[in-house]
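# Descriptive structure summary
Residue strings, one per chain:
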Amino acid sequence: MTSILVFVEHKNGAPRRASLEALGAACATGLTPIALATGPGAANAAAPLSAAGAKKLVVVTGADSYSPDGAAADVVAAVKSHGAVAFLAAASSTGKDLLGRVAGLLDCAPLSDCTSLTYAGGTFTVQRPILAGKAIVTAQSQSAIFCATLRPNTFAVATGSGSAEVVSVASAGGKVTVTGVAAKGDAKLDVKEAPVVVSGGRGLREAAGFKIVEDLASAFGNAAVGASRAVVDSHWRPHGEQVGQTGKTVAPQLYIAVGISGAIQHLAGMRTSKVIVAINKDAAAPIFKVADYGIVGDAFEIVPALTEAVKKAKAAN
Ligand SMILES: Cc1cc2nc3c(=O)[nH]c(=O)nc-3n(C[C@H](O)[C@H](O)[C@H](O)COP(=O)(O)OP(=O)(O)OC[C@H]3O[C@@H](n4cnc5c(N)ncnc54)[C@H](O)[C@@H]3O)c2cc1C
């Protein structure tokens with residue numbers, strides 16, 4: 001059985017959605033999807049990963065602290081021992097870090113942040129946005145082992161049946177270990193993974209103007225707040241919320257841009273969103289060129305009305 005290895009990020013065995021999507025992409029190839037999870041609670045991931053299509057779970061033991069080079073060595077060992085023809089991970093910070101290391105160790109070309117993946121006749125074909133999202137490249141890997149990261153919110157999670165076989169392997173260990181992670185102290189959704197992102201820009205006038213954006217995001221219940229670089233540079237919002245070329249790349253089901261002009265560097269981070277709504281008082285703002293729905297007007301009138309409409313719609317369902 002030809003297999004494909006998927007690195008799964010998890011919190012005490014609860015897989016990140018972006019990793020489940022990578023597993024879903026692996027399932028869609030028709031190859032046998034093998035998940036690999038490392039760190040505390042990795043074995044707890046067996047049930048959710050089985051439900052998302054994994055046929056096997058490799059639990060790496062003895063890696064209580066995450067080690068970037070150690071995890072890469074563990075992935076490579078699993079790829080080799082299972083004869084996997086491909087390695088996939090989410091295009092998260094961890095996935096991006098791992099991709100370069102794994103591809104280097106396997107002497108293969110890495111393909112990052114892919115938005116489509118197909119497998120036919122023994123060849124993997126991907127699509128990935130380039131030039132700040134203005135063009136889409138279609139690429140095929142000539143490497144012996146295909147290595148790629150997949151953009152979150154782009155691939156569907158699969159449904160599996162039965163229980164994945166669980167095997168434990170000892171970690172090779174690494175030269176570097178992460179000794180501590182300082183949590184931000186809130187449980188906010190990350191813009192990269194939220195299905196809905198409500199972003200604000202300089203049109204909100206001041207930091208306090210983001211209240212209307214936060215209210216709309218909380219009315220949705222599953223939304224994250226995003227920001228343009230102009231407001232991050234002005235210290236209105238934290239850099240972790242910045243969307244764009246020098247911020248995060250997002251592809252949610254719904255992206256709402258409030259008081260954002262739509263500079264090319266901002267579009268680079270959000271133009272692959274499924275549905276884009278722009279609210280701007282300037283009808284000529286470039287953001288309207290990529291928007292599916294545009295509302296020309298004052299954000300301070302429109303957004304609160306939208307928030308009320310979302311609340312009513314949710315209450316009616
Ligand atoms: C190398 C480089 C990297 C960059 N990386 C990024 C990046 O990652 N992300 C990013 O976002 N930018 C990035 N930028 C900056 C980018 O070029 C823009 O300057 C920035 O995106 C503008 O932010 P903005 O749209 O919030 O502000 P502005 O361009 O000032 O736009 C504000 C908008 O608000 C509208 N508006 C004003 N009042 C209201 C109101 N009451 N209601 C509704 N609309 C209103 C205006 O019509 C205007 O369109 C980068 C630039 C460079 C050079």
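### Re the pairing of strand S14 (residues 223–227)
Within S14, five of the five residues are buried, which leaves it mostly tucked inside the rest of the structure. The alternating pattern of S14 places Ala223, Val225 and Ala227 on one face and Ala224 and Gly226 on the opposite face, and all of these are buried. Taking the sense of rotation as the criterion, the β-α-β connection linking strand S13 (residues 196–200), helix H5 (residues 211–220) and S14 turns out right-handed.

### Quick look at the pairing of strand S10 (residues 135–140)
Two elements, strand S9 (residues 123–130) and S10, share six bridges in a ladder whose sense is antiparallel. Paired with Gln127 across the two strands is Thr138, which belongs to S10. Taking the residues that link successive antiparallel strands as the turn, the S9-S10 hairpin has four residues, and the phi of Leu131 there is positive, at about 50°.

### Looking at the state of the cysteines
Going through the model one piece at a time under the given rule, you end up with zero disulfides. Unpaired in this structure, Cys27 has its nearest cysteine sulfur neighbour in Cys114, at a distance of 17 Å. The buried category is assigned to Cys114, whose relative accessible area is 0%.

### A look at the sheet that holds strand S15 (residues 254–258)
A sheet is described by the order of its strands in space; here five strands give the open sequence S14-S13-S15-S16-S17, paired in parallel fashion. Only two strands of the sheet have a single partner each, and these edge strands are S14 and strand S17 (293–296). Each strand axis lies, on average, 15° off the axis of its neighbour in the sheet, ignoring direction.

### Here's the deal with helix H3 (residues 68–82)
An ideal rise of 1.5 Å per residue puts 21 Å on 15 residues; H3 measures up with 21 Å between its terminal C-alpha atoms. All of the buried residues in H3 are Pro68, Asp69, Gly70, Ala71, Ala72, Asp74, Val75, Val76, Ala78 and Val79. Just downstream of H3, Gly83 is the residue with a positive phi angle, here 60°.

### Considering the packing of aromatic side chains
Throughout the structure, instances matching the rule amount to two aromatic pairs. With a centroid separation of 4.5 Å and an interplanar angle of 40°, the aromatic rings of Tyr119 and Phe124 are classed as tilted. Exposure remark for Tyr119: the relative accessible area of 26% places this residue in the partly exposed category. On the basis of relative accessibility, which here comes to 6%, the residue Phe124 falls in the buried class. Ring centres 4.4 Å apart and planes at 10° place the aromatic pair Phe124 and Phe146 in the stacked group. Taken together, the positions of Phe124 in strand S9 and Phe146 in strand S11 (residues 146–150) put the pair 22 residues apart, joining distant regions of the chain. There is no split in this pair, since Phe124 and Phe146 are both buried.

### Focus on the domain arrangement of the chain
When cut into domains, the chain gives domain 1 (3–170) and domain 2 (196–316). Placing a centre on the C-alpha atoms of domain 1 and another on those of domain 2 gives a separation of 31 Å. Counting residues at the interface gives nine residues for domain 1, matched by nine residues for domain 2. Carbon and sulfur atoms make up 57% of the surface buried where domain 1 meets domain 2, a total of about 680 Å² over both sides. Of all residues in domain 1, Ala132, Arg151 and Asn153 bury the most surface against domain 2, accounting for 63% of the area lost on that side. At the boundary of domain 1 and domain 2, one finds zero salt bridges.

### Quick word on the site of the ligand
Close to the ligand lie 24 residues, the nearest being Ser228, Thr246, Ser261, Gln265 and Asn280. Between Val243 and the ligand, the recorded distance is 2.9 Å, taken from a backbone N or O atom to a nitrogen atom. Protein contact buries 76% of the 980 Å² of open area that the ligand shows by itself. Listing elements by their share of the shell around the ligand, those giving two or more residues are helix H6 (229–233) and helix H7 (264–267). Looking at the shell around the ligand residue by residue, the classes come out as five nonpolar, 14 polar and five charged.

### Describing the environment of Leu150
Within the secondary structure, Leu150 sits in strand S11. For Leu150, a relative accessible area of 3% translates into the label buried. When neighbours within four sequence positions are excluded, Leu150 is seen to be in contact with Ala22, Ala25, Leu88, Ala89, Ala90, Ala91, Cys114, Leu117 and Phe155.

### Section: the side chain of Ser50
Inspection of the secondary structure assignment puts Ser50 in helix H2 (residues 46–51). Engagement of the side chain of Ser50 in a polar contact is seen with the backbone nitrogen of Ala164, the distance being 2.8 Å. Apart from the residues within four sequence positions on either side, Ser50 is in contact with Gly160, Ser161, Gly162, Ser163 and Ala164.

Here is what the cut-offs are and how they apply
- Residues numbered from 1 in each chain as written.
- Predicted model: local features only at pLDDT ≥ 70, side-chain atom pairs only at ≥ 80, totals over all residues.
- Heavy atoms only, no water.
- Buried < 20%, exposed > 50% of the residue type's maximum accessible area, 1.4 Å probe, protein only.
- Helix = DSSP H or I, 4+ residues; strand = E, 2+ residues; numbered from the N terminus.
- Right-handed = clockwise from strand over helix to strand, strands pointing away.
- Pairing = 2+ DSSP bridges.
- Disulfide = S-S within 2.5 Å.
- Axes fitted to C-alpha atoms, helices over the stretch in contact; angles between N-to-C directions.
- Expected span 1.5 Å × (residues − 1).
- Phe/Tyr/Trp six-rings, centres within 6.5 Å; stacked < 30°, edge-to-face > 60°.
- Domains from an automatic or database assignment.
- Contact = heavy atoms within 4.5 Å.
- Buried area = accessible area lost by both parts, 1.4 Å probe.
- Salt bridge = Lys/Arg side-chain N within 4 Å of Asp/Glu carboxyl O.
- Near = heavy atom within 4 Å.
- Polar contact = N/O pair within 3.5 Å; in protein donor to acceptor, adjacent residues only side chain to side chain.
- Areas by Shrake-Rupley, 256 points an atom, 1.4 Å probe, with all protein chains shown as cover.
- Nonpolar A, V, L, I, M, F, W, Y, C, P; charged D, E, K, R; others polar.

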